[in-house]
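# Structural overview for review
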Amino acid sequence: MNCHRWVFAILVLLLPASTVEADKVALIKVNGAIGPATASYISRGIHEAHAQDAQCLLIQLDTPGGLVESTKTIVQELLAAPLPTVVYVAPSGATATSAGCFITLAADIAAMAPATTIGAAHPVEIGSGGTSESKSDDTMKAKIENYAISYIETIATRRKRNIEWARSSVKESASITSDKALQLKVVEIIAKDTSDLLGQLNGREVDGRKLNTAGASIVEIEPSFSERVFQMIRRPEVMFILMLIAVYGIIGEMTTPGAILPGVVGAIALILALYMAAIFPVNVTGLLFIVLALMLFVFDVYAPTHGVLTFGGLFRS
């Protein structure tokens, strides 16, 4: 009988240790230009990290900038995140330029690795008009610049960071190193690696929530297949090629009615290009692909295309 009591006592002592999960930190890595795929990845990462009851979401960032609309989406997600968010500009040599500066400032905690830079957030307008439109161009540039300044000031104010420097990063394209960023209170932490960062995060409070990151396990949230693909093709040269394919595909279909293939390829390229330019949101793009796929399946039944339309429909779907 005494033996049974001892066994029961040992099981009671061991049970809490085996059932209590270790604290975890969710990690996502953002490399390259900011676009719709990046916004989707970060948004999904925030919600998955919250669902996993992570201490915080750590976003390792290295970007030269990106699209304004995608940046706005990411900033809105960070400001409304249900758990603490940390943007870590890393590894050494990484940059948080342009859109990356907005994203870093929007996090609850901003951190940088040594030998990294942040800033140069002045908006860049692609494609300027001729001299006859210089006055309207100047007015539009001033509007865009004023909007960007007020937007980054709002973010800096919300996160209690250096508003004057935030303004200069847009107005004067100011860019600073990690050491200077810490000195000017643009970021809160300089960490040589992720382990060092977790050690410095431990005990910090975010909206009344005390972080317990010392010894926490890191759970990386991988990008989905579609996010990988769209991030890979989110390059200026790829978008240029897509637009050329779209234009020549449509011209080929119009000059050679019934050729089918140029029109199918051109339509696919056009939708992809408009999505990557953030003109179409992901849900609209997906809906267009589904509708076009169904149309092609139906047309292929009545048109002698030898399966070209069916193949195009399968690609879209």
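Described in the following lines is the structure provided in the data block. In this text, all values refer to a predicted model and were calculated from it rather than measured experimentally.

This brings us to the packing of helix α2 (residues 36–51) against helix α3 (residues 68–79). Close contact between α2 and α3 brings their axes to 8 Å; oriented N to C, the two are set at 10°. When the axis of α2 is compared with that of α3, the two are roughly parallel. Where α2 abuts α3, its residues Pro36, Thr38, Ala39, Ile42, Ser43, Ile46 and His47 lie against Ser70, Thr73, Ile74, Glu77 and Leu78. Looking at the contact of α2 with α3 residue by residue, the classes come out as six nonpolar, five polar and one charged.

What follows concerns the layout of surface pockets. Volume-wise, the second largest pocket comes out at about 420 Å³. If you go around the second largest pocket, you meet 19 residues; those closest to its centre are Asp108, Arg159, Glu205, Val206 and Asp207. Mapped by element, the contributors of at least two residues to the lining of the second largest pocket are α3 and β9 (205–206). The residue inventory of the lining of the second largest pocket, partitioned by class, reads eight nonpolar, no polar and eleven charged.

A few words on helix α8 (residues 194–201). Residues separated by three or four positions in an α-helix point in the same direction, a consequence of the helix having 3.6 residues per turn. Regarding α8, the residues found buried are Thr194, Leu197, Leu198 and Leu201. Burial along α8 is one-sided: seen end-on, the buried residues are contained in an arc of 100°. Residues of α8 that are buried sit in contact with β1 (24–31), β2 (57–62), β3 (85–89), β5 (109–112), β8 (189–190) and β11 (217–220). The opening residue of α8, the one whose side-chain oxygen lies 3.3 Å from the backbone nitrogen of serine 195, is aspartate 193. Directly after α8, the chain includes glycine 203, whose backbone phi takes a positive value near 90°.

On to the sheet that holds strand β6 (residues 117–119), then. In spatial order, the strands read β4-β6-β7; together these three strands make up an open sheet with mixed pairing. Only two strands of the sheet have a single partner each, and these edge strands are β4 (95–97) and β7 (175–177). Between one strand and the next, the sheet's axes are offset by a mean angle of 15°, whatever the strand orientation. In terms of strand pairing, β6 meets β7 through three bridges, oriented antiparallel. For threonine 117, the partnering residue across the bridge sits in β7 and is threonine 177. Sitting on the sheet, helix α4 (residues 99–106) is in contact with β4 and β6, with an inclination near 105° to β4.

About the cut-offs
- Residues numbered from 1 in each chain as written.
- Predicted model: local features only at pLDDT ≥ 70, side-chain atom pairs only at ≥ 80, totals over all residues.
- Heavy atoms only, no water.
- Axes fitted to C-alpha atoms, helices over the stretch in contact; angles between N-to-C directions.
- Helix = DSSP H or I, 4+ residues; strand = E, 2+ residues; numbered from the N terminus.
- Parallel < 35°, antiparallel > 145°, perpendicular 65-115°, else oblique.
- Contact = heavy atoms within 4.5 Å.
- Nonpolar A, V, L, I, M, F, W, Y, C, P; charged D, E, K, R; others polar.
- 1 Å grid on protein atoms, 1.4 Å probe; cavity = no way out; pocket = protein on both sides within 12 Å on 5 of 7 lines; lining within 4 Å.
- Points joined across faces, edges and corners; volume = space filled by probe spheres on them.
- Buried < 20%, exposed > 50% of the residue type's maximum accessible area, 1.4 Å probe, protein only.
- Arc of directions from axis to C-beta.
- Polar contact = N/O pair within 3.5 Å; in protein donor to acceptor, adjacent residues only side chain to side chain.
- Pairing = 2+ DSSP bridges.

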